[in-house]
Structures are given as C-alpha cells and as structure tokens.
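Reading the structure
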Amino acid sequence: MNAIIGLCHFCEAHGPRPLFCTFTTDDENHTTESSKCSVQCSGCTSLGSETVLVSRDDDGTIYCSRESVPNTEINTFLRQAAVRSITCEVSWSKEGGVIYFSDTQGHVLSLMFQVKDTRARGLKRWFSIVVLMKDNMLLLNLTPVLSEHMQKISKELQQLADVVYDKEQNECSQRALRLKTGRNDFGQSRSLIQLTGDENVFKRLHTHFTWMLKTGALTYSETLYTSKDLLNKICPNTLNKNIFQETSCLVNNDGDISIRSLENLLTKTTFRILLYCVLIGVKIIVSANIENASNIVKTLLWFCPVPCDNVVSKLINGGGNTHTGDKICVLEENGNNNFECKWAGTVPVKCPTLMIKIETAMANQMFNEAILHQHIKSLLLEWMGIANTVKSTITSGGKPDSIVKLKQILGVKPQDELLLNYWINTYCC
C-alpha cells in the first residue's frame, strides 16, 4: 500500500510535531541516509537521526521507519497532518479515527489519544496516529481495518504508560506536590521510551505500522478489466459471434454502404424508420430490384449487437405482393433512387435512448466513418450489458420491485422497454 503512517505528539516546547513514520520504498538510499530534524528535544526524538528500522518482503518491498520522510514536500505534509490531527480534526467519541481530504496534498486518516505523564502539563500528553495517502477512495475503503488497528496501538501505548505513571505517583504524588509548591516549570517533554518504560517501543510501532501497510495492500488491490474481459468473466457465452470480434469495428471498403451514405440514399425519414425497426425487432425486407440491396442489408445489420440474418433480408423476386404489418417493414425503390418504406407501424415521439444516441452520433461531424462505427458498437455493447443484467436478475428470481429499481439505476426509461424486452428474448443467452 503506497501510504505513510506516522506517530505525532504535542511537545510543550515546540507544539504538534511528527515523531516517527513508516513508509514503503524501493530505494536502498532511504535505508541508510540520515533523517533531517531541525529540533533537538528529548520529547521530539524517537529513533535518532542516524537510525532506520528496515523490514523486507519477499517481493522486494522495503518498509522503512525513520524520524522523518526523505521527501521535503511529504515531510511538510506530515507536519501539517500532525497539527491538524491533534488540534483540529479531533473526535471525542471512541468509535475510531477521523478522515479528512486535501486534493492538493493528500488525504489523512487520524486517531488522537492521550498518554499519562507525571511530568506533563495536566498529567497527560497528546499523541496521534496518522495515515497519509493520495488515493481517497482506497483510504475510505481501508478506514475500518486501519482505524481498528490504530485503536489497538493507542491502547497498547496507554497501558504501558499507565504502569509507569502509577509507579511514579506511588513514589511521589505530582498533583499534591504541584498544589503545595505551585511549581509550573516542567522542562522538556519526555520521550516515548521514558513514558512507556519500553526500550523497544519504536520497534513495536515499526511492526504495527508495517503490518498496516502490508494488510492494506493485501485487502484491496486494483485490477483493470476491459469491457470484453469483464463480460467474459461474468457471462462467457455472450462472446460467441458478437460485436467483440476483432474485425467488428473495422469499416469495410468492399462496396458496402457506410451508415451516413445509407441515410443520404434513403432520406433521413426512411432511415429512422428502418433504424427503429432493427432495434425493436421488426423484420425488414429489402426488395431485390434495388441495385445495392445486399450492401443495404449489410449496413442495417451493423445495428444488431449479435449477427441475426432473420432481422434484415432481401427478396429474390420483386416485392410488389409482399404483405406488410406491424412485424414486417418493406423497403422498395420507386425509381430514380426514390425509396419508400411500407410499414403499418409508426416511429414513436419518444424513441428508445439507444436510437437517440445513435442519431446524435451520426449528426456529429467530428466523427469520421471509422470512429462513428466504433462508437455505435460501444453503444450497442452498453445496452447489451443492460439487457444481460436485467435478464440475470429476472432468471435469478428477483422481485418485481427490485427489477424496477434496477432498471432505474441502469437508466432504462419507459420508451426503452420494447427494445429491452426484444434484446433479452433474442440476443441474451
């Protein structure tokens, strides 16, 4: 996990400051170079400027714990996180840490806690554990896991400090001594080693912070799927002879009519009728006396997500006696390249969303024929995925209310129902 975990404290002489930090690296120099510390104070010192705690994973990842981060900008961000985590972003509940965001620098998960100290003002010291990360969504997802372990670390430090505190109070009650003498000069803050009485306290913290970094990387990992890979993972059978073929997005140059050329040949009104019929499953018959009948059929079949020869066909012997109706649309030539569409149905005022997107893309002159073809195929893929999702929900016994809500989430409108039902019954496996 690419993050930085730090322990911060409030020094009575220098204010909130980072004390100890752990991060991952692949640079060997970070395991040997000295830490930069501008303050010489026993309370603000942890390992010392020359000491670096190092752990190595089998995959080559290096976990370093030092007094400061080698990068100057990140070190500044860590100091700001120390100030905010102790003075501003404070949660008085015991539920966990506080998360806040900064688009310019990074995002922080912090947990503030108190440690007893007989030498401190108010007999207690303020500490915080901060997790710095650039990926806000990853930090949000990891917050429950990290916050729980941050609480365990704070309780462990508090228990160690309580033992030292009770021992010192039994020897000499600081509260009674201060009331009697009125002494308020407490000197420098004591180090965490003195507060807890544990010489290996920073080695403990190195182990804890390394575990958090490693667990974060194992809990969530990013996997990039292309639409083809994802659909193949969910429903492998849909990849047989469909728009995912390698040549599906190539524009043929063997005499086929392009989409825009077909619209110009048939007129926009006639083309809209044919496009609507293809999308909702009305059978289209192209009369054989049209010179480019075969190419027209091929172009219209581009709007099918899966090749389906029975959607568009051509007549071998003229189409004068062809019966039409709601389920059959006949395209005929009346001469001089004038075409007529015979169909008993009508294109509705509110067309399916997919049809509107196709028409919008065709009207966009920034799209050349190759890009337009690929864009239309991507739109068909999108609605093929919607159809597969709805069908999977129906076949798995989903309740009607849940299906309605699912359609709303997927953007299915009432005018899309006819298209969606046809695609589910025809194209979905």
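Figured I'd write up the structure that's included with this text. (Residues numbered from 1 in each chain as written. Predicted model: local features only at pLDDT ≥ 70, side-chain atom pairs only at ≥ 80, totals over all residues. Heavy atoms only, no water.)

1. So, the overall build of the protein chain
Helices and strands together make up the secondary structure of the protein chain, namely 13 helices and eleven strands. A burial count over the protein chain gives 46% of its 429 residues as buried. Of the contacts formed within the protein chain by residues at least 6 apart in sequence, a portion of 69% connects residues at least 24 apart. Accessible surface, the protein chain: about 22,900 Å² in total, of which carbon and sulfur atoms supply 50%. (Helix = DSSP H or I, 4+ residues; strand = E, 2+ residues; numbered from the N terminus. Buried < 20%, exposed > 50% of the residue type's maximum accessible area, 1.4 Å probe, protein only. Contact = heavy atoms within 4.5 Å. Areas by Shrake-Rupley, 256 points an atom, 1.4 Å probe, with all protein chains shown as cover.)

2. Some points on the packing of aromatic side chains
Tallying each qualifying case throughout the model produces seven aromatic pairs. Where Phe-113 meets Phe-127, the ring centres are 6.1 Å apart and the plane angle is 20°; that geometry is what we call stacked. Placement of Phe-113 in strand β6 (residues 107-116) and of Phe-127 in strand β7 (residues 124-133) is noted, with a sequence separation of 14 residues between them. Accessibility expressed as a relative area gives 5% for Phe-113, which makes it buried. According to the relative accessible area criterion, Phe-127 is buried, its value standing at 1%. Ring geometry for Tyr-422 against Tyr-427: centres 5.6 Å apart, planes inclined by 75°, an arrangement best described as edge-to-face. Aromatic rings pair up to connect Phe-20, Phe-202 and Phe-209 into one cluster. (Phe/Tyr/Trp six-rings, centres within 6.5 Å; stacked < 30°, edge-to-face > 60°.)

3. Focus: the nonpolar core
Ile-284, Leu-354, Ile-358 and Trp-423 are the most contacted members of the largest nonpolar core, which has 53 residues in total. What Leu-354 contacts, discounting residues up to four positions off in sequence, is Leu-279, Leu-379, Leu-380, Trp-383, Leu-419 and Trp-423. Formed by 31 residues, the second largest nonpolar core is a distinct cluster that contains Leu-7, Tyr-63, Ala-161 and Phe-209. (Core = buried A, V, L, I, M, F, W, Y, C linked by side-chain atoms within 4.5 Å.)

4. Brief notes about helix α13 (residues 417-426)
Burial in α13 covers these residues: Leu-419, Leu-420, Tyr-422, Trp-423 and Ile-424. For α13, the secondary structure elements touched by its buried residues are α8 (268-280), α10 (353-363), α11 (369-395) and α12 (400-410).

5. So, the pairing of strand β1 (residues 3-11)
The buried fraction of β1 is high, at eight of nine residues. As defined by bridge partners, β1 adjoins β7 across seven bridges and the pair is classed as antiparallel. For His-9, the partnering residue across the bridge sits in β7 and is Phe-127. The antiparallel hairpin formed by β1 and strand β2 (residues 15-25) contains three residues in its connecting segment. (Pairing = 2+ DSSP bridges.)

6. Side note on the packing of α11 against α12
Where α11 meets α12, the axes come as close as 10 Å, and the angle between the chain directions of the two elements is 165°. Overall, the two elements α11 and α12 adopt an arrangement that is roughly antiparallel. At the point where α11 passes α12, the crossing takes the right-handed sense. Residue-level inspection shows Ile-386, Thr-389, Val-390, Thr-393 and Ile-394 of α11 in contact with α12, the latter providing Ile-403, Leu-406, Lys-407 and Leu-410. Split by residue class, the contact of α11 with α12 holds six nonpolar, two polar and one charged. (Axes fitted to C-alpha atoms, helices over the stretch in contact; angles between N-to-C directions. Parallel < 35°, antiparallel > 145°, perpendicular 65-115°, else oblique. Left-handed = near helix turned anticlockwise from the far one by under 90°. Nonpolar A, V, L, I, M, F, W, Y, C, P; charged D, E, K, R; others polar.)

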